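# Close look at the chain arrangement
Each chain is listed here by its residues.
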Amino acid sequence: MASSTPATALRELEAAREHAEELRSGIRHHDHRYYILDQPEIGDSQYDTLMRELRTLEERFPDLITPDSPTQRVAGEPVAGFDVVEHREPMLSLSNVFNREELRAWHQRVVRIVEHERFGFVCEPKIDGLAISLVYQDGRFAVGATRGDGLRGEDVTANLRTLRSLPLRLDAPAPSAFEVRGEVYMAKSEFARLNDERAAKGEQLYMNPRNTAAGSIRQLDPRITASRGLDVFIYQLGWADGDAPAATHWEAMRWARNAGLPTNPLAERFDDIDAVAAFCATWVERRDELDYEIDGVVVKIDEFAIQRQVGVVGREPRWATAYKFPAEQAVTRLRAIQISVGRTGVLTPFAVLEPVVVGGVTVSMATLHNEDHIHELDIRAGDDVIVQRAGEVIPQVVGPVLSLRKGRRLRRFKMPERCPVCDTSVAREAEQAASYCPNRACPAQLPRQVEHFVSRGAMDIEGFGEQRSHMFVSKDLVTSLSDIYQLSKRRDELLALDGIGDKSLDALLANIEASKQRPLRRLLIALGIRHVGSETARDLARHFGTLVALRAATREELEAVDGIGPIVAASVFEYLHDEEYAALLDRLVAAGVRTDEDVSARGGPLQGFSIVVTGSLEHWSRNQVEALIKALGGRVSGAVSKATSFVVAGSGGGSKRERAEKLGVDVIDEDEFVLRLREHGWSGE
Ligand code: IVH
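Structure report, in brief.

Quick notes on the rules
Residues numbered from 1 in each chain as written. Predicted model: local features only at pLDDT ≥ 70, side-chain atom pairs only at ≥ 80, totals over all residues. Heavy atoms only, no water. Helix = DSSP H or I, 4+ residues; strand = E, 2+ residues; numbered from the N terminus. Buried < 20%, exposed > 50% of the residue type's maximum accessible area, 1.4 Å probe, protein only. Contact = heavy atoms within 4.5 Å. Pairing = 2+ DSSP bridges. Axes fitted to C-alpha atoms, helices over the stretch in contact; angles between N-to-C directions. Arc of directions from axis to C-beta. Polar contact = N/O pair within 3.5 Å; in protein donor to acceptor, adjacent residues only side chain to side chain. Near = heavy atom within 4 Å. Areas by Shrake-Rupley, 256 points an atom, 1.4 Å probe, with all protein chains shown as cover. Parallel < 35°, antiparallel > 145°, perpendicular 65-115°, else oblique. Left-handed = near helix turned anticlockwise from the far one by under 90°. Nonpolar A, V, L, I, M, F, W, Y, C, P; charged D, E, K, R; others polar. Salt bridge = Lys/Arg side-chain N within 4 Å of Asp/Glu carboxyl O. Core = buried A, V, L, I, M, F, W, Y, C linked by side-chain atoms within 4.5 Å. Phe/Tyr/Trp six-rings, centres within 6.5 Å; stacked < 30°, edge-to-face > 60°. Lys NZ or Arg CZ within 6 Å of the ring centre and 35° of its normal.

With that out of the way, let us pick up the overall build of the chain. Counting its regular elements, the chain contains 24 helices and 24 strands. Expressed as lengths along the three principal axes of its C-alpha atoms, the size of the chain is roughly 95 × 70 × 50 Å. For the chain, the proportion of its 685 residues judged to be buried stands at 45%. Pairs at least 24 apart in sequence give 67% of the contacts found in the chain among residues at least 6 apart.

Shown next, in the form of structure tokens:
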């Protein structure tokens, strides 16, 4: 960069300044499209190019760096401690209501004060994160603070700058200075990603997204905050110098959104309290659909004039309330850790809890997975533990409340050395977390094997189920899986059982008969071979085609199957060549159970696949490929989404390719496509 005279240097600087501004406004625009609107116009690599160009320019002309430059997001050196920020207006809390009646009572209190019902409501999810205050001055993000005690918080500006969804500069006319408030949170997916990373490094796992978000914002080193993928929703306009940009909350949020601030798109405005109640009820049901945790719905009166009129009591405004959902976490006493023995003999510890209501349901048991898991979380019988239940998920023990343990001596858990059901010495496979009972005759195993054999993903025998599995085994009507196909010979004994009449028995026997026609992969699942789940079963069935071929395979041939590793191969081989299991297979075959796989199954090899074709292909026209996909049972889609199985791309086809890459969807070329078709059983005709 040879600049011969001061005048040229100046001109160069001016040109650089202009170019830097162009780049910044371009980047801001794309940030907005990506983080706020979720409608990116350019791909990641183009975005990176813009950022790189700006960074280079700023390195050359450091004077051009502005605090609101996108390059400053990945910012700053660690600080020794946080400065204190006094909130100009206190950050309030919310009163709570827990049901429709309490919501109505809240509404009635407001009506009594204003003496009419001519006001609206704005409702939106109550995010389980941490409250922050953001001050913008002259259109630029100036100060960000935590809520603290409501009057004074901590200055976390440098950390908040790293949040990509927060604009450092606004896009619309704004008061010279104003404050907005919002909630910083960590998405569930981000939390899972972070914990996966930590698990891989052998680090202790984080408890929940909320605490992790709070911890991440209060990092002294902004680089750590930046790596945590936090997000934010603005939910309130605080104070504003000069004219307020709106007269209602709804308008204020629209203004904020237009200015580029991230507001929650799920917010809705209603005119009557019944509609508000319906909104709350909907989100109790739908909370699990969201990628962030919510613990209720916030209901606010829309008109600022009415808000002022009803005012604040203590720390809680009368003009808003939180409709709280039933808590998904609760603390209760862990009475004991007991062991259940599964169908493969695996010993699984579970928690016996002092019954407690979580998410509206009474919980008295929860899984504890395995011994390592218990030690990792340091859970001990006698502890007070946090129990969690989300949606339909099985209750889990999140961890002990260590502060409540102090002074009490609780014993670390130890896996029993003998099976609690049959007293056989327990075995533990090297490198496997699970202990198991090696006694195949252990009475704990057979009923569960039967239950699995008849279940939907396996032989799918309707009307059999858990209860009958256990009953038939206990009555010695089933002493081996193959006995299921001998039940038709034991009509009288079956009819003597409780709850089985002629009609239901006929139906059951017909369903048992029909199950003989399931393809080989279902049989392989049903057998419950260790390490063989539905995918492995499918791979084996497709590869070998028949049970005869599978039984003839060597260990090496098993290992050579795509997707099958040495542990699985060994397990399958040992099963097939075990005397007892080989005899079981022979009995099943003799009973007439089908033993081959039908590759040209009903819907064709591409059934269930959604495929996008883009760009120009070499050997085929797009139409030909699309016709082929449909002929093989697949679905052709015009747009790439998370549901896309893969994208077949020729030359060109840029934007769909980029979108697929962003979403982590496979992009393959023509040759690979043909390979996949063959893998899925297409013969090439
Ligand atoms: S409005 C007067 N809207 O809930 C306070 N708060 O219990 C008005 N919160 O500290 C708050 N999501 O951090 C509002 N959509 C939302 C919210 C929300 C979460 C938090 C907020 C506040 C706490 C009150």
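That shown, we press on.
Spatially, β5-β4-β7-β8 is the arrangement adopted by the four strands of the open sheet, whose pairing is antiparallel. Taken across any chain shown, the strands that pair with only one partner, and hence form the sheet edges, are β5 (140–146) and β8 (230–240). Each neighbouring strand pair of the sheet contributes to a mean axis angle of 30 degrees, computed without reference to strand direction. Helix-sheet contacts for helix α8 (residues 249–258) involve β7 (177–186) and β8, and the interaxial angle to β8 is about 125 degrees.

Turning our attention to helix α24 (residues 670–679). Buried residues of α24: E670, F673, R676 and L677, and no others. Projected down its long axis, α24 carries its buried residues within an arc of 115 degrees, all on one side. α24 presents L675 and E679 as exposed residues on the side facing more than 90 degrees away from its buried surface. Among the structural elements, α22 (622–631), β23 (646–649) and β24 (666–668) are those in contact with the buried residues of α24. Regarding α24, its N-cap is D669, as a side-chain oxygen of that residue lies 3.3 Å from the backbone nitrogen of D671 further along. In the stretch just after α24, G681 is the one whose phi turns positive, near 95 degrees.

The immediate surroundings of the ligand are formed by 14 residues, with E124, I127, A131, E183 and Y235 found nearest. In this structure, a nitrogen atom belonging to the ligand sits 2.8 Å away from a side-chain N or O atom of E124. Contact between the ligand and E183: an oxygen atom at 2.4 Å from a side-chain N or O atom of the residue. Across the complex, the protein chains shield 91% of the 520 Å² of accessible surface that the ligand would expose by itself. Contributions of two or more residues to the shell around the ligand are made by β3 (121–127), β8 and β10 (294–301). Residue contributions to the shell around the ligand peak at four residues, all from β3.

One can describe the packing of helix α16 (residues 520–527) onto helix α17 (residues 534–544) by two numbers: an axis separation of 8 Å at closest approach and a directional angle of 135 degrees. By the criterion of interaxial angle, the relationship of α16 to α17 is oblique. In the packing of α16 onto α17, the handedness of the crossing is right-handed. From α16, L520, R521, L524 and I525 reach across to α17, where they touch S534, A537, R538, L540 and A541.

Across the interface, helix α12 (residues 445–453) lies against helix α13 (residues 465–474) with an axial gap of 8 Å and an inter-helix angle of 140 degrees. Compared by their axis directions, α12 and α13 come out oblique. The two elements α12 and α13 meet at a crossing, and its hand is right-handed. Taking contact as the criterion, the partners of L446, P447, R448, V450 and E451 in α12 are, on α13, E466, S469, H470 and V473. Looking at the contact of α12 with α13 residue by residue, the class counts come to four nonpolar, two polar and three charged.

What follows concerns the pattern of salt bridges. Scanning the model with the defined rule gives 45 salt bridges in all. In this structure, E179 and R181 form a salt bridge, with 3.0 Å as the shortest nitrogen-oxygen distance. When the shortest N-O distance is used, the salt bridge between E574 and R555 registers 3.9 Å. Taken together, the positions of E574 in helix α20 (residues 566–576) and R555 in helix α19 (residues 555–559) put the pair 19 residues apart, joining distant regions of the chain. Within the structure, one salt-bridge network assembled from shared partners comprises E21, R24, R28, E58, D68, R140 and R169.

With that settled, consider the nonpolar core. Among the nonpolar cores identified, the biggest contains 53 residues, and F453, F464 and F472 are the most heavily contacted of them. For this core, the secondary structure elements donating two or more residues are α12, α13, α15 (502–515), α16, α17, α18 (547–552), α20 and α21 (579–590). The residues contacting F472, other than those within four sequence positions of it, are F464, L477, V478, L487, L494, L497, I500 and L508. By size, the runner-up hydrophobic cluster in this structure holds 32 residues, among which are M186, F191, A252 and F304.

Take the sheet that holds strand β2 (residues 95–97) next. Taking strand neighbours across the sheet as the criterion, the five strands line up as β2-β13-β10-β3-β9 in an open arrangement whose pairing is mixed. Bordering the open sheet on either side are β2 and β9 (268–270), each of which pairs with just one other strand. Strand-to-strand, the axes of this sheet are offset by a mean angle of 35 degrees, without reference to chain direction. Where β3 and β9 come together, three bridges link them in antiparallel fashion. Directly across from V122, in β9, lies its bridge partner R269. Packing of helix α3 (residues 100–114) onto the sheet brings it into contact with β2, β3, β10 and β13 (320–324), and relative to β13 it is tilted by some 175 degrees.

Let us look at the packing of aromatic side chains. Under the definition given, this model contains 14 aromatic pairs. Between Y185 and F233 the ring centres are 5.4 Å apart and the planes differ by 25 degrees, which places this aromatic pair in the stacked class. With Y185 in strand β7 and F233 in strand β8, this pair connects stretches of sequence that are 48 residues apart. Side by side, Y185 and F233 carry an identical accessibility label, which is buried. Among the aromatic residues, those joined into a cluster by ring pairs are Y136, F141, F178 and W255. The ring of W239 has R88 lying over it, and the distance from NZ or CZ to the ring centre is 3.7 Å.

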